Amino acid sequence: MMNYSYHSVTLDEKLCKGCTNCIKRCPTQAIRVREGKARIISERCTDCGECIRVCPHRAKRAIFDSFDRLGDFAHTVALPAPALYGQFNNLSDIDYVLTGLLDMGFDEIFEVSKCAELISDATRKLMKAGKLKTPVISSACPVIARMISVRFPDLIENVLPLISPMHSAAKLAKARAHERTGIAEDQIGVFFISPCPAKVTDSKNPIGTERSYIDGVLSISDIYPRLLERMNKISSPKVAAESGIIGVSWANSGGEASALIREQYLAADGMENVMAVLSQLEDERLTGLDFIELNACPGGCVGGVLTVENPFVAKARIQKLRKYLPVSLNHVGEEDELAAFSWDRPLEYAGVMKLSDDIGDAMRMMTEIDELTGKLPDLDCGSCGAPSCRTHAEDVVTGQAKLNDCIFILREQMGAAGGVE
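These lines cover the structure that appears in this document, whether it is placed above or below. (Residues numbered from 1 in each chain as written. Predicted model: local features only at pLDDT ≥ 70, side-chain atom pairs only at ≥ 80, totals over all residues. Heavy atoms only, no water.)

So, the sheet that holds strand E11 (residues 291–295)
Next, step 1: Strand order in the open sheet made by the three strands is E7-E11-E10, with parallel pairing throughout. Of all strands in the sheet, those bounded by a partner on one side alone are strand E7 (136–137) and strand E10 (265–269).
Next, step 2: Of the strand pairs in this sheet, E10 and E11 are connected by five bridges, and their pairing is parallel. Bridged to Leu266 within E11 is Ile292. (Pairing = 2+ DSSP bridges. Helix = DSSP H or I, 4+ residues; strand = E, 2+ residues; numbered from the N terminus.)

Some details on the state of the cysteines
Next, step 1: Evaluated as defined, the whole model comprises zero disulfides.
Next, step 2: Cys22 forms no disulfide, and the closest cysteine sulfur to it belongs to Cys19, at a distance of 6.1 Å.
Next, step 3: The cysteine Cys48 is free of any disulfide, with Cys26 supplying the nearest cysteine sulfur at 6.1 Å.
Next, step 4: According to the relative accessible area criterion, Cys48 is buried, its value standing at 9%. (Disulfide = S-S within 2.5 Å. Buried < 20%, exposed > 50% of the residue type's maximum accessible area, 1.4 Å probe, protein only.)

Section: the environment of Cys22
Next, step 1: Tracing the backbone shows Cys22 in helix H1 (residues 21–25).
Next, step 2: Classification of Cys22 by relative accessible area gives buried; the value is 5%.
Next, step 3: In the structure, Cys22 is positioned 150 residues away from Leu172 in sequence and 38 Å away in space, judged by C-alpha atoms.
Next, step 4: Discounting chain neighbours no more than four positions away, the residues touching Cys22 are Ile31, Ala38, Cys51, Val54 and Lys60. (Contact = heavy atoms within 4.5 Å.)

In structure tokens, the structure reads:
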């Protein structure tokens, strides 16, 4: 079973006001408000960052590494996510960003968009050979893979069994740096520059692979000021870019799907839309599709909570940047190279939403939940500290809450006792 012990999304109880904004937006119902403070149910959390996005008190935060960690290694490699390129105004040459990263202190750059092109090519080959169950669901967004593992286990077989561009880039970057320098791999620090907390978590608990080659994850928002300062001083950038339109387009929703050169695809972004698509897929209400690309963040990776720019502005910048690029510079070669991108650990059902491992107990609890739900007001107001009346009933049955935590039930009880007229 997958390990969900590490999370990059954290809660600062001192800042939490118990406002219930987060419980209503969490797609896995992983948050409750108890005794005036939010509580995150660790095993249900997918680190999507939605609670960070909606918290008005900044009580939800993402953990990421400090830039100072570069000093822990003899040689460092930066892995910029293609979403990074959408953060800068009037950018017409990616080499300015890559040169700026080198000037900041990195010894090498390995673009994640390079591996995005390789994954796109590998996907095309596998689909052409008929080796994938359709509709194929992209595995690039770790939130979606974990969401399916937690809430939609019937769709696990549809998930693309290829490691993400982030992980494949880290593996190739470390091997290339070792070959070039002769420095031991444990002294080569590979740092992903991330737009979202989910990829921080995925660097620790990787999906589809037993080992992560990522040594640290930096936030786009954290490095942006110093990178911009360096870029503004560059008169003639070094020629460093090794990817084209296909790889860079992965920053935006639909970029991966359109690269497959197939008409029957669907691309959706934002948790509300993603959940609707997954529900319809589970109910077999979506047919005739070859490929489905789902991104937890609005607009795609450009909408991650660790970015600095409005996602729609960043998306437009990526679109503009595309016209200066070749179509693609990277392709998968022989069969053994294709195998190098395949999962070595399958996605598994997390089982965290089960009421009980015993079927009889689970059925009994489900009956009790149905009965209690019928007694509740069906308002889903969140005042009880649970996201809906049904989840409140579930909490009562599992011993995590009391029925009269619902203010309407409490009012009825007090009225029956003569306390309220």
